[in-house]
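A structural walkthrough
In case you want the letters, here they are:
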Amino acid sequence: MWSPSDTPELAPPATRRPGAAMHQMLRELYPLGRSITGDGVRATLRVLATHLPAGLTAHEVPSGTQVLDWTVPPEWNIRDAYVRDAAGRRVIDFQQHNLHVVGYSTPVAGWFSRAELDEHLHSLPEQPDLIPYRTSYYSPAWGFCLAHHEREQLRDEQYEVCIDATLDPAGSLTYGQLVLPGSSDEEVLISCHICHPSLANDNLSGLVTAVGLANWLAERPRRYTYRFVFLPGTIGSITWLHEHRASAVPRIRHGLVLSLLGGPGHFTYKRSRQGAAAIDRAVALALRDAGTPHELRDFSPYGYDERQYCSPGFNLPVGCFTRTPFGEFPEYHTSADNPAFVRPRQLAQSLRLVKSLCRILEHNRSYQNLSPYGEPQLGRRGLYKNIGGGLEGQQWQLALLWVLNQSDGQHSLVDIAEKANLPFTLIRKAAKALRHAQLLAPA
Amino acid sequence: MWSPSDTPELAPPATRRPGAAMHQMLRELYPLGRSITGDGVRATLRVLATHLPAGLTAHEVPSGTQVLDWTVPPEWNIRDAYVRDAAGRRVIDFQQHNLHVVGYSTPVAGWFSRAELDEHLHSLPEQPDLIPYRTSYYSPAWGFCLAHHEREQLRDEQYEVCIDATLDPAGSLTYGQLVLPGSSDEEVLISCHICHPSLANDNLSGLVTAVGLANWLAERPRRYTYRFVFLPGTIGSITWLHEHRASAVPRIRHGLVLSLLGGPGHFTYKRSRQGAAAIDRAVALALRDAGTPHELRDFSPYGYDERQYCSPGFNLPVGCFTRTPFGEFPEYHTSADNPAFVRPRQLAQSLRLVKSLCRILEHNRSYQNLSPYGEPQLGRRGLYKNIGGGLEGQQWQLALLWVLNQSDGQHSLVDIAEKANLPFTLIRKAAKALRHAQLLAPA
Amino acid sequence: MWSPSDTPELAPPATRRPGAAMHQMLRELYPLGRSITGDGVRATLRVLATHLPAGLTAHEVPSGTQVLDWTVPPEWNIRDAYVRDAAGRRVIDFQQHNLHVVGYSTPVAGWFSRAELDEHLHSLPEQPDLIPYRTSYYSPAWGFCLAHHEREQLRDEQYEVCIDATLDPAGSLTYGQLVLPGSSDEEVLISCHICHPSLANDNLSGLVTAVGLANWLAERPRRYTYRFVFLPGTIGSITWLHEHRASAVPRIRHGLVLSLLGGPGHFTYKRSRQGAAAIDRAVALALRDAGTPHELRDFSPYGYDERQYCSPGFNLPVGCFTRTPFGEFPEYHTSADNPAFVRPRQLAQSLRLVKSLCRILEHNRSYQNLSPYGEPQLGRRGLYKNIGGGLEGQQWQLALLWVLNQSDGQHSLVDIAEKANLPFTLIRKAAKALRHAQLLAPA
């Protein structure tokens, strides 16, 4: 375990435009050459550390370690890669774009005929200007990705190919973790994958949203302990689950995988395997209250790291929060998923949404009406004074009545907000006022 | 406790047009100056006593009595009230219309400038011909209500104001109660508020419907004990709940608040807090069988006295049965809610509906099929003889088969009528025929 | 008990067009004069025996036997029946069509006036060319059925009527039964009525579908024991239930009444009384996977023999599988329900569907994921190698993931196929592959 912030830097200036700051961080992260292992991940954690509250730790798990049903793979690092034509010109150049090399490519050097080379090339005939994103983590292979129209320019008979990469069996897998302790040791897990190279929406948008959330949470009292994990997809969450199986895992009460939060599409929430866990209902409520178009989907075992958290042995209440899901927008896993595709306004809206979700998690409780026989006389306690003439006053009165009526110890504030079709924030304020009037106590 | 029928009167002549008799009673009640306490309530109970079966009792609860979380307020009575202009002309006159005075107004006498007076006036700019209905029960105040176009005629500099009312801390709150004993001491509660002055649909229509129901029930054998309560809104039901907390309350199996049953809108049933109580399903079935347009709504903690019956400490199975709900028709709480707004035909239809509901409650039971292995041979028992050729005969056969098939002790006749999509009366007749044939016994 | 195949015959030649063979068998059965008792039933069982796997037994239950709430009626046999006009011409002739005589007619012989005769005639004014099907099993009567336009030709004053039938109190009721033992003694019941005379869709189509299914099942290993019963409607299933109450009945896990499977309409499945029994879900899944239009209906106590199997004392998980249900197509219970109305293609499709249903029943199990913590690494086990590039490969991968994710011992393969919205056969293959890889074990 090491600290990615050993080289202290100045915290970035506070900004009144959180979306702009988030986008700036995203541009800072964009060029780094991430994969499921290697120095790109470490560099990314160092950048995150400059933006996160104190406490981010980096963990190195040696290649070859058994983790659940898997083995940590060799550490991959790449220095250079290119295809040169007969004239010595780099026609495909890793220095120009991270995506040009198939992730986890084995090293290669030599001359290949065009036909031989072609078997190692990946392009998108339907999107001829875009470089696709390809990896080959668990079956040794090498390859290059390029725009289809550039591929069509390759006319030479022979090409010189070089991938100056290493796959080090003595290396390690790296992940980052930040724990913000709360008054309870019950935990909320926020998980982001950190293995994608120059792709902005998938998943730098998730990283910067998580960073924004962590900073916001760090400044306020917390009931829950929040655990942020930044890890390579699949093998990272499997490694983390393996290492925390007896420690953090049993304490997780709610969790969220964050991803694809900077594009233009509307919000999509994929429920946990449990289907009606508190996190599932809280996200649905936050989205309803935001009044923004959104979609709720049932769990399926294909997707991001919720696949691992929701495997039947763990069955954690972890959902996945995105905008347009993976594979459903044309820029997905191509060079078009770049910082221009991600808008500051969209990042800021995503952050607001996860903040409002955490407010719901933090304040959701069940209460007991202390005067449950008939309605208590609110006027005597000054609670009717708050009632104005308009819609707002009516809603306030309704919120008070709903909280009183449903607070039999069996209904949480989330239950009540759902049933009353009133904003959670209003229900919460009503509960606060009723507690102040000694009409309500925690159940 | 006193008897509102100490001065015996002749019972009204039986009529073949129940709507006309109901409307006549409503017109008789309309001019009385009701409020949450006072002589108007007593006078109303005396009129009800002349129309109800024997046994209506009136209960006086002294002002200052603690009832649940509330205190019985001083008794309000009013003799006269007016605003006179400089010429001595009564420009607002309580003698002309009960609604001209804000209910529970404190006494006042003296000259006021037009501006001072104006702060105590209430009118409806959007409905300039109508007098609004206003009260101020729990914060001392005085005021007048008038048509907006009459308010606009007030041009004098000074007005003489008089409200000759008393708020007597040594007075009492009055409510009426009629119990029709049944063969069981399990109870059905029928609750009407009795505190509205000259308003016809809200709630004289509820009173006359309850009276019609009581007379009908009094003439027939009853399984349930029926308890009719006529009480001021909110404080009345709270008082009643307080006084009957250990006696009647635990015996209530079903209950209904009746209100707004004379207007032109379709029926609306608001479910009890329990949501799927027997009363909720029985009313839905009665409405379905009536084939009349209607709406079923979930419980909400705002409304009439079901708020108190359905407070979480009591959580009684009490719904609210109306036509168009309060606040959703333009005549609501104005002088336009007068006897002309309520039609005999509508009152009669409302009465028919609550009668059919009581028939369902009375006859709903679970039975045990005594020949549950295969179908019993109905022909041998003459039960097929009843089958005619047409739709009616087919439905009769279906009803017999449904009752036999579902009578495993787990399904009530209401369950069966719902599932079979057949009228409750047909299902009930089938059960009766099957009992007669000794194929069915109470479960 | 006797064997309908005591006279051995050659098995019919195997055909590559199962629909044609089914239709041929149907045409063979069509002319036989079936009723709820009598020689027509026995002849039918003899024909079935020539097409079924070995083992069909015929059972004779003496008239007068008490069976559940019923009594086995006298055995009815008919030799001839006609109405002759004054000229001695047979104007209605049983030899021309079985349907001309009301089933179970009492014997009659003599001259009747036209008016007297007319009271015993049945025709369809709306379908003047068709002979209706009528019976009078449990109230003694005689009658003839004829095309309405032929009835209108009857102008003579007197007619000679003859029904040469016997109702033998010393006779018996006949039903057939074939049991195909499986590795378990848990049973699947397939029930067809055998009492309809010359009607093709109702119910010869059910018989030939059952025969096709039995032959297919006989050739393969079976987990369940399959019991085929061929019995007269109502009294037959009641008799069977009576006789097997303590033996087969408690072992029935799934059951199906087959009928009306040769007409042009889409499939209709009527659920068992249990409503969500395994058979109900399996049929729904088979229909969904077939991608053919269909309708699912809730149980009702009117219909075929499911009425008896689903009587509350037995409450067996037996549904009813048809195409267009009885009474909902114009040919129903008329001479138009003849072999031309039933198409080989439709019979073959019905057979395919019940086969796929049995595949689901046979292979449905709950499994336990043996590597439930995180996803197991499929690539290492060669399970990713199966993934092609297209939709098929994606679905295979999804099927593997769904089976792994849901196999916590609580979810059956049917549950998983429903939730994943993937074909049962794919889910089953995935489970098989995962068992082979030792990732799954029966729960």
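Structure shown above.
The notes below deal with the structure included here. (Residues numbered from 1 in each chain as written. Chains lettered and ligands numbered in written order. Predicted model: local features only at pLDDT ≥ 70, side-chain atom pairs only at ≥ 80, totals over all residues. Heavy atoms only, no water.)

**Let's talk about the pattern of salt bridges**
- For the structure on display, the rule yields 69 salt bridges over all chains.
- The closest approach of N and O atoms between Arg281 of chain B and Asp415 of chain B, which form a salt bridge, is 2.4 Å. In this pair, Arg281 of chain B is assigned in helix α7 (residues 278-290) and Asp415 of chain B in helix α11 (residues 413-420), connecting sequence segments 134 residues apart.
- Overall, the relative accessible area of 18% leaves Asp415 of chain B in the buried class.
- When the shortest N-O distance is used, the salt bridge between Arg227 of chain C and Glu187 of chain C registers 2.6 Å. Placement of Arg227 of chain C in strand β12 (residues 225-231) and of Glu187 of chain C in strand β11 (residues 187-193) is noted, with a sequence separation of 40 residues between them. In this structure, Arg227 of chain C and Glu187 of chain C share a single accessibility class: buried.
- Residues joined by salt bridges that share partners form a network here, namely Asp39, Arg42, Glu60 and Glu75 of chain A. (Salt bridge = Lys/Arg side-chain N within 4 Å of Asp/Glu carboxyl O. Helix = DSSP H or I, 4+ residues; strand = E, 2+ residues; numbered from the N terminus. Buried < 20%, exposed > 50% of the residue type's maximum accessible area, 1.4 Å probe, protein only.)

**Section: the sheet that holds strand β6 (residues 108-113) of chain C**
Residue and element names in this part refer to chain C.
- Within the open sheet, the 4 strands sit side by side as β5-β4-β9-β6. Their pairing is antiparallel. Every other strand in the sheet has two partners, leaving β5 (90-93) and β6 as the edge strands with one partner each. Averaged over neighbouring strand pairs, the angle between their axes works out to 20° when direction is ignored.
- Bridge count between strand β4 (residues 75-84) and strand β9 (residues 158-168): 9 bridges; the pairing is antiparallel. Looking at the pairing, Ile78 lines up with Ala165 of β9. (Pairing = 2+ DSSP bridges. Axes fitted to C-alpha atoms, helices over the stretch in contact; angles between N-to-C directions.)

**Structural notes on the relation of the copies chain B and chain A**
- For the pair chain B and chain A, the best superposition has an RMSD of 0.1 Å and corresponds to a rotation of 120° with a translation of 0.1 Å parallel to the axis. Such a combination of turn and shift is consistent with a three-fold rotation axis. Across chain B, the smallest distance between a C-alpha and the rotation axis is recorded for Ala276 of chain B, namely 13 Å. (Least-squares fit on C-alpha atoms with pLDDT ≥ 70 in both.)

**Re the interface of chain C and chain A**
- The interface is formed by 20 residues belonging to chain C together with 18 residues belonging to chain A.
- Between chain C and chain A we count 4 salt bridges in total.
- The partner of Asp69 of chain A in a salt bridge is Arg380 of chain C, and the shortest N-O contact between them spans 2.9 Å.
- Taken together, the links from chain C to chain A amount to 12 residue pairs in polar contact (both at pLDDT 80 or more).
- Elements supplying a minimum of two residues to the side of chain C that touches chain A: α10 (391-406) and β18 (408-412) of chain C.
- The element that contributes the greatest number of residues to the side of chain C that touches chain A is α10 of chain C, accounting for 7 residues.
- Split by residue class, the side of chain C that touches chain A holds 8 nonpolar, 8 polar and 4 charged. (Contact = heavy atoms within 4.5 Å. Polar contact = N/O pair within 3.5 Å; in protein donor to acceptor, adjacent residues only side chain to side chain. Nonpolar A, V, L, I, M, F, W, Y, C, P; charged D, E, K, R; others polar.)

**Considerations on the interface of chain B and chain A**
- With 18 residues of chain B in contact, the opposing surface of chain A contributes 20 residues.
- A buried area of about 1,600 Å², summed over both sides, lies between chain B and chain A, and 50% of it is on carbon and sulfur atoms.
- Counting across the chain B and chain A interface gives 4 salt bridges.
- In this structure, Asp408 of chain A and Arg273 of chain B form a salt bridge, with 3.0 Å as the shortest nitrogen-oxygen distance.
- Inspection of the region where chain B meets chain A yields 12 residue pairs in polar contact (both at pLDDT 80 or more).
- The class makeup of the residues in the side of chain B that touches chain A is 10 nonpolar, 4 polar and 4 charged. (Buried area = accessible area lost by both parts, 1.4 Å probe.)

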